[in-house]
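Summary of the model geometry
Residue strings, one per chain:
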Amino acid sequence: MSSAWHSSGPLIVLMVLAVSACAEDVKEKDCDVIGDETSESQTEKALLKKLEPLSQIRFNTTVELGTTENYTYHFRVCREVDSSLHDLAGLVQIDRKTGKTTVIGRINETQVFNGSDWIMLIYKGGDSYGRHCSGEKRRAVIMISCKRGLMASSFSIISEEREKEQECFYLFEMDSSVACPAEESHLSVGSILLIILVSLIAVYIIGGFLYQRLVVGAKGMEQFPHFAFWQDLGNLMADGCDFVCRSKPRNAPAAYRGVGDDQLGEESEERDDHLLPM
């Protein structure tokens, strides 16, 4: 048993390590903001999270300028264009004539910031320029503008700024709903409270009506929930209105009959005696 373990143990360990390495390769690397991980702001993390829906889309565009420049650009949001190369390239340029591939920017040197309706994603650390820009490394600037109802539009190149001594860049643009701000509710607090109140009243009336009719077996006006209470409340409100709004003496008898005022009996005929001729 011991000899069998000594002979097969190392093989098992190697297999486990190989499987673990394969699992790591399958998981694609994502954007790494420039600087130490602990120094990343909450805004940067939130923006990268916001861009995640675009990470599975591959963007391509072709540019042909006369007979000298004929390129295809491949771009992915916070993912490697070709994960099998392990070069961390997030945006590459391919010369359609020679087949040469140039890395414009890498995802391990990412910057991201935003405005009210746009997000700017910057990949640095591309392949070095030759005769331009003092031989510095290339940089890709991708402007993602808000367009509601559209996950992602066509990806296009706007310009390449390479006539400067430093800070040269490629500028790209695209539209996407991920760059849009969250839509705010147009309802005021009072409107929301009013909707809730109306909903509760509707539930009270409908639910009470069904309970009185189906469970209690009430008929007619008695089907209305708490009918006696609302009946008395109406009379009290009429008394209050009469007390506040009318100018007649307070000790004068009421000139109306409530819905449930059976106790009042017949109206007195003496109320109109003063209208008779003497």
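Residues numbered from 1 in each chain as written. Predicted model: local features only at pLDDT ≥ 70, side-chain atom pairs only at ≥ 80, totals over all residues. Heavy atoms only, no water.

As annotated in an unreviewed UniProt entry, the protein chain carries the name Cation-dependent mannose-6-phosphate receptor and is attributed to Nothoprocta pentlandii.

With 7 of its 8 residues buried, strand β2 (residues 69-76) lies for the most part within the structure. Alignment of strand β1 (residues 58-65) against β2, held across 8 bridges, turns out to be antiparallel. Pairing of Val63 across the sheet is with Tyr71, part of β2. Linking β1 to β2, which pair antiparallel, is a turn of 3 residues; within it Gly66 sits at a positive phi near 65°. Here 5 bridges tie β2 to strand β3 (residues 89-95), and the two strands are oriented antiparallel to one another. Looking across to β3, one finds that Tyr71 is bridged to Asp95. (Buried < 20%, exposed > 50% of the residue type's maximum accessible area, 1.4 Å probe, protein only. Helix = DSSP H or I, 4+ residues; strand = E, 2+ residues; numbered from the N terminus. Pairing = 2+ DSSP bridges.)

Another point: the pattern of salt bridges. One pass over the full model with this rule turns up 5 salt bridges. Across the salt bridge formed by Arg106 and Asp127, the nearest N and O atoms sit 3.5 Å from each other. Of this pair, Arg106 sits in strand β4 (residues 101-114) while Asp127 is found in the loop between β5 (118-125) and β6 (140-146), placing the two residues 21 residues apart along the sequence. Close ionic contact of Arg162 with Glu160 constitutes a salt bridge, the shortest N to O distance being 3.9 Å. Among the residues examined, Arg162 registers a relative accessible area of 25% and is labelled partly exposed. (Salt bridge = Lys/Arg side-chain N within 4 Å of Asp/Glu carboxyl O.)

Further remarks concern the state of the cysteines. Summed over all chains, the structure comprises 3 disulfides. Across the disulfide, Cys31 is cross-linked to Cys78 (sulfur-sulfur distance 2.1 Å). Its torsion about the S-S bond being -100°, the disulfide of Cys31 and Cys78 is classed as left-handed. Placement of Cys31 in the loop between α1 (2-26) and α2 (42-51) and of Cys78 in the loop between β2 and β3 is noted, with a sequence separation of 47 residues between them. For the pair Cys31 and Cys78, a shared accessibility class is recorded, and that class is buried. Through a disulfide, Cys146 is tied to Cys180; the S-S separation comes to 2.0 Å. Where Cys146 bonds to Cys180 through sulfur, the torsion about that S-S bond is close to 95°, and the disulfide is right-handed. Within this pair, whereas Cys146 is found in strand β6, its partner Cys180 is found in the loop between β8 (169-176) and α3 (189-216), the two being separated by 34 residues in sequence. A residue is classified by how much of its surface remains accessible, and Cys180, at 5% relative accessible area, is buried. Described in terms of the sequence order of its bonded cysteines, the disulfide pattern of the protein chain is 1-2, 3-5, 4-6. (Disulfide = S-S within 2.5 Å.)

Once that is clear, we can look at α3. Since the α-helix advances by 3.6 residues per turn, residues separated by three or four positions end up pointing in the same direction. The terminal C-alpha atoms of α3 lie 38 Å apart, and with 28 residues this matches the ideal 40 Å at 1.5 Å per residue to within 8%. Positive backbone phi, at 80°, marks Gly217, one or two positions downstream of α3. (Expected span 1.5 Å × (residues − 1).)

Let us look at the confidence of the model for the protein chain. Predicted confidence across the protein chain gives a mean pLDDT of 80, with 77% of residues reaching 70 or more. Every residue in residues 19-25 is under pLDDT 50, and counting partners more than four places away or in other chains gives 1 contact. (pLDDT = per-residue confidence, 0-100. Contact = heavy atoms within 4.5 Å.)

This part covers the pairing of β3. The element β3 is extensively covered by neighbouring structure, given that 6 of its 7 residues are classed as buried. The pairing of β3 with β4 spans 5 bridges and is classified as antiparallel. Within β4, the residue paired with Ile94 across the bridge is Thr101.

In this section: unusual backbone geometry. At His86, a position not held by glycine, the phi torsion is positive, near 55°. For His86, the position within the fold is in the loop between β2 and β3. Located in the positive-phi region is Glu167, a residue other than glycine, with phi close to 55°. Following the sequence through the fold, Glu167 ends up in the loop between β7 (156-161) and β8.

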